[in-house]
Amino acid sequence: MFHGSGLFALLLMVLEWTRPGLSSPLRPICDLRVLDHFIKEAWDAEAAMIACKDACSIATNFTVPLTTVDFDVWDAMKIEEQAQEVQSGLHVLNEAISSLQISNQTDVLQSHIDASISNIASIRQVLRSLSIPEYVPSSSDGEDMEMQKVSSISELFQVHINFLRGKVRRLLTSAPVCRQGVS
């Protein structure tokens, strides 16, 4: 399996930016096709975990961010608040997915774990490129964000998918640099 997802994302951005015939370059970091690629990989991971069943099970609960979004509340939030929520959610997801590395897992699961961790790192890089501040744990770490527990690896990847499709996509589409030139 190709583990250079970050490289793939960077390549997509550069190719889109250098596409001939454009009067001004698009903002490749705002191109949602990169995020769609990460979502597809998370879907693939979830499907593999569902198919794997017992061989990919683990007897633990994972703490993950809530993925529900009240669009009116979200849109009323300052971009900094949205960014903090997304960054802290990515941090929690990364911690949950990374915790799978310490268990003895199948090669299939390990490849999906590695790809997911790489994808989260790439998303964080995209957010940095948009001048969105990185996650900084507060003294009341975990109290700023609503969490939930899931009890299976496939549920963990389902939360990952929903988080990318919801809050991350919403943040990327509302980032000031991505909204420039949009009428």
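The model shown is predicted, which means the values in this text are computed figures rather than measured ones.

About the criteria used
Residues numbered from 1 in each chain as written. Predicted model: local features only at pLDDT ≥ 70, side-chain atom pairs only at ≥ 80, totals over all residues. Heavy atoms only, no water. Helix = DSSP H or I, 4+ residues; strand = E, 2+ residues; numbered from the N terminus. Buried < 20%, exposed > 50% of the residue type's maximum accessible area, 1.4 Å probe, protein only. Contact = heavy atoms within 4.5 Å. Salt bridge = Lys/Arg side-chain N within 4 Å of Asp/Glu carboxyl O. Core = buried A, V, L, I, M, F, W, Y, C linked by side-chain atoms within 4.5 Å. Expected span 1.5 Å × (residues − 1). Axes fitted to C-alpha atoms, helices over the stretch in contact; angles between N-to-C directions. Parallel < 35°, antiparallel > 145°, perpendicular 65-115°, else oblique. Left-handed = near helix turned anticlockwise from the far one by under 90°. Nonpolar A, V, L, I, M, F, W, Y, C, P; charged D, E, K, R; others polar. pLDDT = per-residue confidence, 0-100.

Asks: Explain the overall build of the protein here, please?
Replies: For the protein, the count of helices and strands is seven helices and two strands. Along the protein, helices and strands appear, N-terminal first, in the series α-α-β-α-α-α-β-α-α. Among the 183 residues that make up the protein, the fraction classed as buried is 40%. Across the protein, the fraction of contacts at a sequence separation of at least 24, relative to all contacts at a separation of at least 6, is 83%.

Asks: Just to check I follow, could you spell out the pattern of salt bridges for this structure?
Replies: A pair can form between side chains of opposite charge whenever their charged atoms are brought close. Using the criterion set out here, one finds six salt bridges in the structure. Of the charged contacts, one joins E85 and K167 as a salt bridge, the two residues approaching to 2.5 Å between their closest N and O atoms. Here K167 lies in helix α6 (residues 153-174) and E85 lies in helix α4 (residues 79-98), a separation of 82 residues in the sequence.

Asks: Can you help me understand the nonpolar core in this one?
Replies: Nonpolar side chains tend toward joint burial in soluble globular proteins. By size, the foremost hydrophobic cluster in this structure holds 44 residues, and its most contacted members are L130, L156 and V168. Contributions of two or more residues to this core are made by α2 (32-52), β1 (62-65), α4, α5 (107-129) and α6. Among the elements that line this core, the one with the most residues is α6, at 10 residues.

Asks: I keep staring at α4 and nothing clicks. Help me out?
Replies: The α-helix advances 3.6 residues per turn, and as a result positions three or four apart in sequence lie on the same side. Taking 1.5 Å per residue, 20 residues should reach 28 Å; α4 reaches 28 Å between its end C-alpha atoms and fits that length. Every buried residue belonging to α4 is among Q82, A83, V86, Q87, S88, G89, L90, V92, L93, N94, A96 and I97, and all of these are buried. As for α4, its buried residues are in contact with β1, α3 (71-76), α5, β2 (147-150) and α6.

Asks: Help me understand the environment of F163, please; the structure alone is not making it clear to me.
Replies: Assignment of secondary structure puts F163 in helix α6. According to the relative accessible area criterion, F163 is buried, its value standing at 0%. Separated by 74 residues in sequence, F163 and G89 have C-alpha atoms that sit 7.9 Å apart. With residues near it in sequence (within four places) discarded, F163 still touches P65, L66, T67, E85, V86, G89, L90, L93, M145 and V168.

Asks: Would you mind going over the packing of α4 against α5 with me for this structure?
Replies: Two numbers describe a pair of packed helices, the interaxial angle and the distance between the axes. The N-to-C vectors of α4 and α5 enclose an angle of 160°; their axes lie 10 Å apart at closest approach. Relative to α5, α4 is oriented roughly antiparallel. In this structure, α4 crosses over α5, and the sense of that crossing is left-handed. For the pair formed by α4 and α5, the contact residues are V86, Q87, L90, H91, L93, N94, I97 and S98 on the first element and I113, S116, I117, I120, I123, R124 and L127 on the second.

Asks: Explain the packing of α5 against α6 to me, please; I cannot follow it from the model alone.
Replies: One way to put it is that α5 packs onto α6 with a least axis distance of 13 Å and a crossing angle of 15°. In terms of axis orientation, α5 runs roughly parallel to α6. Crossing of α5 against α6: the hand is left-handed. Residue-level contacts link L109, H112, S116, I120, I123, V126 and L127 of α5 to I153, F157, H160, L164, V168, L171 and L172 of α6. Split into classes, the residues belonging to the contact of α5 with α6 amount to 11 nonpolar, three polar and no charged.

Asks: So what exactly am I meant to see when it comes to the confidence of the model for the protein here?
Replies: In low-pLDDT regions, the fine details of the predicted coordinates are not to be read closely. Per-residue pLDDT for the protein averages 80, and the proportion of residues at 70 or more is 77%. Low pLDDT, under 50, characterises residues 20-26; the stretch is placed with five contacts to residues that sit more than four places away or in other chains.

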